[in-house]
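# Topology and contacts: notes
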Amino acid sequence: MACTGMACTRTGNTTMNMLGGTRFIGGLVRTPHDLRFRAARPMKAASKIIPGAWDNRQILTPVQDQGANPRCVAEAMSLLIRSIAWREFHEIRDYPAKPLYDKCKDIDGNHEPGTSFTSAFQAAIELGYIPVESKAYGLFNVADVHMATHEFGACLVGLDVTEAWNTVGSDGWIHEDGGAVLGGHAILHHGWDTAGVDFEAMRNSWGEWGAKGNGRMRVADFLRRFLDGMAVEIPTVTGKGW
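Because the structure is a prediction, the values reported are computed rather than measured.

Before going further, it helps to examine the overall build of the protein. Looking only at helices and strands, the protein features 7 helices and 12 strands. The 242 residues of the protein split such that 55% are buried. Restricting to contacts in the protein with at least 6 residues of sequence separation, those with at least 24 account for 70%. For the protein, the accessible area works out to roughly 10,100 Å², and carbon and sulfur atoms hold 53% of it.

Looking now at the environment of R216. Mapped onto the secondary structure, R216 falls in strand β11 (residues 214-217). The sequence separation of R216 and W173 amounts to 43 residues, and the corresponding C-alpha distance is 4.8 Å. With residues near it in sequence (within four places) discarded, R216 still touches D171, G172, W173, I174, F199, E200 and A201.

Another point: the pairing of strand β12 (residues 226-233). By the criterion of burial, β12 is predominantly enclosed, with 7 of the 8 residues buried. Where strand β7 (residues 135-138) and β12 come together, 4 bridges link them in antiparallel fashion. Looking at β12, one finds that A136 is bridged to V232. Relative to β12, strand β8 (residues 155-162) is paired through 4 bridges, and the arrangement is antiparallel. What sits directly across from L156, in β12, is M230.

Moving on, we come to empty space enclosed by the protein. Counted by the stated rule, this structure contains 2 cavities of 30 Å³ or more. Around the largest cavity, the lining residues are V63, Q64, C72, E75, A76, L79, R82, A186, I187, R203, N204 and S205. Mapped by element, the contributors of at least two residues to the lining of the largest cavity are α2 (72-89) and β9 (181-193). It is α2 that provides the largest number of residues to the lining of the largest cavity, a total of 5 residues. Residues that form the lining of the largest cavity fall into these classes: 6 nonpolar, 3 polar and 3 charged.

Rules and cut-offs
- Per chain, residues are indexed from 1 in the order of the written sequence.
- Only residues with pLDDT of 70 or above have their local features reported here, since the model is predicted, and side-chain atom pairs are shown and tallied only from 80 upward, although totals for entire chains, interfaces and linings are computed over all residues.
- Heavy atoms from the whole structure form the basis of all side-chain values; hydrogens and water molecules are not counted.
- Helix and strand definitions follow DSSP, with helices as H or I runs of at least four residues and strands as E runs of at least two, each counted in order from the N terminus.
- Burial here depends on accessible area, computed with a 1.4 Å probe over protein chains only, as a share of the maximum for the residue type. Under 20% is buried, over 50% is exposed, and the range in between is partly exposed.
- Throughout, a residue-residue contact means that at least one pair of heavy atoms, one from each residue, lies within 4.5 Å.
- To be clear on the numbers: accessible area is Shrake-Rupley with a 1.4 Å probe, and residue cover counts the displayed protein chains and nothing else.
- Two strands qualify as a pair provided DSSP detects at least 2 bridges between them.
- Cavities and pockets were defined on a 1 Å grid built over protein atoms only: a cavity is a set of grid points that admits a 1.4 Å probe from which the probe cannot escape, a pocket is an open set flanked by protein on both sides within 12 Å along at least five of seven lines, and lining residues are those with an atom within 4 Å of any such point.
- Grid points are joined across faces, edges and corners, and a volume is the space filled by probe spheres set on the points.
- Each residue is assigned to one class: nonpolar for Ala, Val, Leu, Ile, Met, Phe, Trp, Tyr, Cys and Pro, charged for Asp, Glu, Lys and Arg, and polar for all the others, Gly among them.

Structural data, given as structure tokens:
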């Protein structure tokens, strides 16, 4: 299902000069609740007990750098697919973000910067990145996000980016201080700790930003900045398209 015209909510966009270059902020086009529900199944009940802390960083393939391009959604989807392929087959497979983003814009039917998770899922199928039997699940809260990461390895999350993202140190902590919101951005969620340190963990698409491409923020800040989410279940049995 394409996210076109008035069906999408744009969160504004800008560029920000950061260590390593200029980054485009605002590449996430938020899918409204009703469309997200129709386009993707609600997250199914977890098949396992969800622990208080979890980290799947070890399955993630090397971080990418979107630079000043508005393709954070495509970068996050590309990283997700590459990481699941690595986990299942122990080989690095190439699912480049640029053609994925270009296909998203064909689906969107406009030339505005950015795209949505629903378009990225459809584009990944049309390009043959994932089998047509793949399933998408809409994520609406942090419990959904934790279930998705625990069940599938990682998931797509959209967050409001604030000025605090420009002061992240090598520990990856995003210290929210009430700064101005710069726009919506897509990341790959790969872990959390609600039992001790209190954080949500993510892989960004800004090169060596943060802790070698990874960031963390307090759960309360994550909830406050949460915009959108999608889990992707990819069949990995030989003969299903992979």
